[in-house]
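Fold and contact review
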2 protein chains.
Amino acid sequence: MPNILAMDVGGTHFRVALFDDSGKIISVYRGETLRSGGREWMLGELRQRAEALRRESSEPVMACGVSFGGPVDFKRQRVTSVHTPGWENFPLSEWIEAQLVLPCRVDNDANAGALGEFRFGAGRGTESLIYITHSTGIGSGIICNGRLHRGRDSMAGEIGHLPLKESDSRCTCGLMTGCTEALASGRALDHMARDLAEHHPDQAARLLELCGGDPGKATARELIEAARQGDAAAAALFASAIRSLALALIMAIRLIDPDKIIFGGGVAQLGDFLIDSLQNALKEWWSDQFPNTTEIALAELGDKSPLYGAAALALQITG
Amino acid sequence: MPNILAMDVGGTHFRVALFDDSGKIISVYRGETLRSGGREWMLGELRQRAEALRRESSEPVMACGVSFGGPVDFKRQRVTSVHTPGWENFPLSEWIEAQLVLPCRVDNDANAGALGEFRFGAGRGTESLIYITHSTGIGSGIICNGRLHRGRDSMAGEIGHLPLKESDSRCTCGLMTGCTEALASGRALDHMARDLAEHHPDQAARLLELCGGDPGKATARELIEAARQGDAAAAALFASAIRSLALALIMAIRLIDPDKIIFGGGVAQLGDFLIDSLQNALKEWWSDQFPNTTEIALAELGDKSPLYGAAALALQITG
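Rules of the game
- Residues numbered from 1 in each chain as written.
- Chains lettered and ligands numbered in written order.
- Predicted model: local features only at pLDDT ≥ 70, side-chain atom pairs only at ≥ 80, totals over all residues.
- Heavy atoms only, no water.
- Helix = DSSP H or I, 4+ residues; strand = E, 2+ residues; numbered from the N terminus.
- Rg over C-alpha atoms; globule rule 2.2 N^0.38 Å.
- Buried < 20%, exposed > 50% of the residue type's maximum accessible area, 1.4 Å probe, protein only.
- Contact = heavy atoms within 4.5 Å.
- Areas by Shrake-Rupley, 256 points an atom, 1.4 Å probe, with all protein chains shown as cover.
- Least-squares fit on C-alpha atoms with pLDDT ≥ 70 in both.
- Pairing = 2+ DSSP bridges.
- Axes fitted to C-alpha atoms, helices over the stretch in contact; angles between N-to-C directions.
- Polar contact = N/O pair within 3.5 Å; in protein donor to acceptor, adjacent residues only side chain to side chain.
- Core = buried A, V, L, I, M, F, W, Y, C linked by side-chain atoms within 4.5 Å.
- Parallel < 35°, antiparallel > 145°, perpendicular 65-115°, else oblique.
- Buried area = accessible area lost by both parts, 1.4 Å probe.
- Salt bridge = Lys/Arg side-chain N within 4 Å of Asp/Glu carboxyl O.
- Nonpolar A, V, L, I, M, F, W, Y, C, P; charged D, E, K, R; others polar.

Looking only at helices and strands, chain A has 10 helices and 14 strands in total. By the compact-globule yardstick of 20 Å for 319 residues, chain A fits well, its C-alpha radius of gyration being 20 Å. Projected onto its principal axes, the C-alpha coordinates of chain A cover approximately 60 × 50 × 35 Å. Counting all 319 residues of chain A, 58% fall into the buried class. Looking at chain A alone, contacts between residues at least 24 apart form 62% of all its contacts between residues at least 6 apart. Taken as a whole, chain A presents about 12,900 Å² of accessible surface, with 48% of it coming from carbon and sulfur.

Here it is, written out as structure tokens:
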């Protein structure tokens, strides 16, 4: 009964874990990412924590799976991040294989999250699902016919960059489009919250209260809480973001018609209010011809979906 | 070396064919669909033509595959057409199995077209593709990881009903949305052509010439030909339809990132001008982050993609 290693490498924190071959966590280390340390610091941490867990393992460790919080070329097993200095075109699998002398497979966090929920979470028993990571940005991983569908350029699942509207401002993708991410991500909600608190304090009483009177501290979290409590201005902003997100889901449902859409990531962890609001917004596009029975659910593995997915990647190697 | 039967049942014509087990057509019958004859007439034709081909076959016939030009519940193997009287909830596979004493599998024409091009046409060698049937309406079939992805309710691939815009008029799907089909289908192009010819004859000289001076005879075909020849008003209308279609493709590319998108159906048979115009329109959504290498191509099997797909369905039965 061999064990396996799983790593979840993110911009704010990272995890290295030892799993048994049934997908149960035996031991897990969680650390904060030292941004100033760059790639070398992170690689050092990963190696050190992996070696410590391996020494701890009562069974031989046979493989390693990695979830990386940025774009990954799966076929070439390279990080292709153009945003994070040092990681660009880095052969992460190859490096881990050389350091740990273990076969390794790496994928991006959205795909890993999809795989984690599919094998061990809310997606068990489905044939197809979309796992959406709703955090600072918005990404997704897609399972079809029981397998990850990565696409021609490892670019499938870019639900955050569906051009839902024309726009006067530039999206992070470089286009003058109102992409899902520009309209409904954690970053977009943060901006809405701060704008409301700073420029419309007369409409932001509840929001300001929730952030201790400091408009600079208003974030998505406080905006959603103010909306949940019925504050009109916050509710209207939240509703417009939710409508955009629902429209993106409708595009995905019309094209892919998955069994389930599963929400993970930081915004999703604010809970059922997000799902309930989305379900309600989706009704705008219901018709007799499109009854839309796709289930919308929260991730069962919380913020560990990508870590479990990394374990699933390793288990694909050990067979 | 057993042979198989394939049927392509459409609203304007139908085909019944004998294939060998390598997917080559041995013999094919093509007939016009007698709309007034309804379901019973069509079933009678299918049985009669199938029996004739079977008598002709030098090898035993082992299975039958069917492409049906309307919605099909694949899991239940029933036609679910709500538009064509008589076909609603009809167990077409079961009927054929009883009549011909052959195992049978039925799917809708968009899925069959995708399967046909994947196994025998422009999609050979790909892992994923979207086959778009661009005709009176717009539908699609999706291959992921080398297999048809049909979705939870056999409703995947509804690229014709992506709500691309708000709208003051009702789409055929029942919603007040500017769906792809309402903006860019053969039906939409027919309306544009007739409207231009009837209400703006001063701008429609070339178009009117192409339809012999009778504005009532202006269709998509003449509109596209006038646009191809550089007629300004026709070109502007065609360009707006193409932009909508390109936007729908971008949604599909962002989500699915297929190796290829393959165009079949009546409008596609107007040729390379459609593909060239689409390629050009797609550039609006190119960026460094999204280089979009998905290939856009015409179906290689012409109007026989669904028939070949029906053969592929039968070959899945015989293994």
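A few words now on the relation of the copies chain A and chain B. Once chain A has been moved 0.0 Å along the axis and rotated by 180°, it coincides with chain B to within an RMSD of 0.0 Å. Expressed as a symmetry operation, the mapping of one chain copy onto the other fits a two-fold axis.

Strand pairing in a sheet relies on backbone hydrogen bonds, with the paired strands running either antiparallel or parallel. Residue and element names in this part refer to chain B. The five strands lie next to each other as 3-2-1-4-7, forming an open sheet whose pairing is mixed. If you trace the sheet from one side to the other, it starts and ends with strand 3 (25-32) and strand 7 (104-108), each paired once. The mean inter-strand angle of the sheet, taken between neighbouring strand axes irrespective of direction, is 15°. Looking at chain direction, strand 1 (residues 3-9) and strand 2 (residues 13-19) are connected through six bridges and run antiparallel. Within the sheet, the bridge partner assigned to Asp8 lies in strand 2 and is Arg15. Docked against the sheet, helix 1 (residues 38-56) engages strand 1, strand 2, strand 3 and strand 4 (61-68), running at close to 25° with respect to strand 2. The strands that helix 10 (residues 305-318) touches are strand 1, strand 2, strand 3, strand 4 and strand 7; relative to strand 4, the one it contacts most, it runs at about 140°.

This part is about the sheet that holds strand 8 (residues 129-134) of chain B. All names here are of chain B. Strand order in this open sheet of five strands is 10-9-8-13-14, and the pairing throughout is mixed. Two strands close off the open sheet at either side, each with one partner strand: strand 10 (147-148) and strand 14 (295-298). Strand direction decides the pairing type here: strand 13 (residues 260-264) and strand 14, joined by four bridges, are parallel. Counted as the bridge partner of Ile261 is Ile296 from strand 14.

We now examine the pairing of strand 2 (residues 13-19) of chain A. Residues and elements named next belong to chain A. Of all seven residues in strand 2, seven are buried, a share of seventy percent or more. Residues of strand 2 alternate between two faces, with His13, Arg15, Ala17 and Phe19 on one and Phe14, Val16 and Leu18 on the opposite face, all of them buried. Taking the residues that link successive antiparallel strands as the turn, the strand 1 (residues 3-9)-strand 2 hairpin has three residues. Pairing geometry for strand 2 and strand 3 (residues 25-32), over seven bridges, is antiparallel. Within the sheet, the bridge partner assigned to Val16 lies in strand 3 and is Tyr29. What sits between the antiparallel neighbours strand 2 and strand 3 is a turn of five residues, in which Gly23 has the positive phi angle 90°.

A word on the environment of A:Arg15. Residue and element names in this part refer to chain A. Looking at the element boundaries, Arg15 is found in strand 2. Residues Arg15 and Ala188 lie 173 residues apart in sequence; the distance between their C-alpha atoms is 27 Å. If we ignore the near neighbours within four places in the chain, the residues touching Arg15 are Ala6, Met7, Asp8, Val28, Tyr29, Arg30, Asp303, Lys304 and Leu307. A polar side-chain atom of Arg15 sits 3.1 Å from a polar atom in the side chain of Asp303.

What follows is about the nonpolar core. The nonpolar side chains of a soluble globular protein tend to be buried, and buried together. Core analysis: the largest hydrophobic core is formed by 116 residues, its most contacted members being A:Phe263 and B:Phe263. In this structure A:Phe263 touches A:Ile132, A:His134, A:Leu245, A:Leu249, A:Ala268, A:Leu274, A:Ile275, A:Leu278, A:Ile296, A:Ala297, A:Leu298 and A:Ala299, once residues within four positions along its chain are discounted.

This part covers the packing of helix 5 (residues 186-199) of chain B against helix 7 (residues 220-228) of chain B. All names here are of chain B. Relative orientation of the contacting elements helix 5 and helix 7 amounts to 70°, with a least axis distance of 7 Å. It follows that helix 5 is roughly perpendicular to helix 7 by the angle criterion. Every residue of helix 7 that contacts helix 5 at Gly186, Leu189, Asp190, Met192, Ala193 and Leu196 is listed here: Ala220, Leu223 and Ile224.

Let's shift gears to the interface of chain A and chain B. Counting residues at the interface gives 46 residues for chain A and 46 residues for chain B. Between chain A and chain B the total buried area reaches about 4,000 Å² when both faces are included, carbon and sulfur atoms providing 55% of it. Together, A:Asn145, A:Arg152 and A:Leu255 form the three largest contributors to the area buried by chain A at its contact with chain B, with a combined 19%. At the boundary of chain A and chain B, one finds two salt bridges. A salt bridge links B:Glu166 to A:Arg243; its shortest N-O distance comes to 3.1 Å. Our enumeration of links across chain A and chain B arrives at 28 residue pairs in polar contact (both at pLDDT 80 or more). Where the side of chain A that touches chain B is concerned, the elements lending two or more residues are strand 9 (138-144), strand 10 (147-148), strand 11 (163-166) and helix 8 (232-256) of chain A. Considered class by class, the residues forming the side of chain A that touches chain B number 20 nonpolar, 14 polar and 12 charged.

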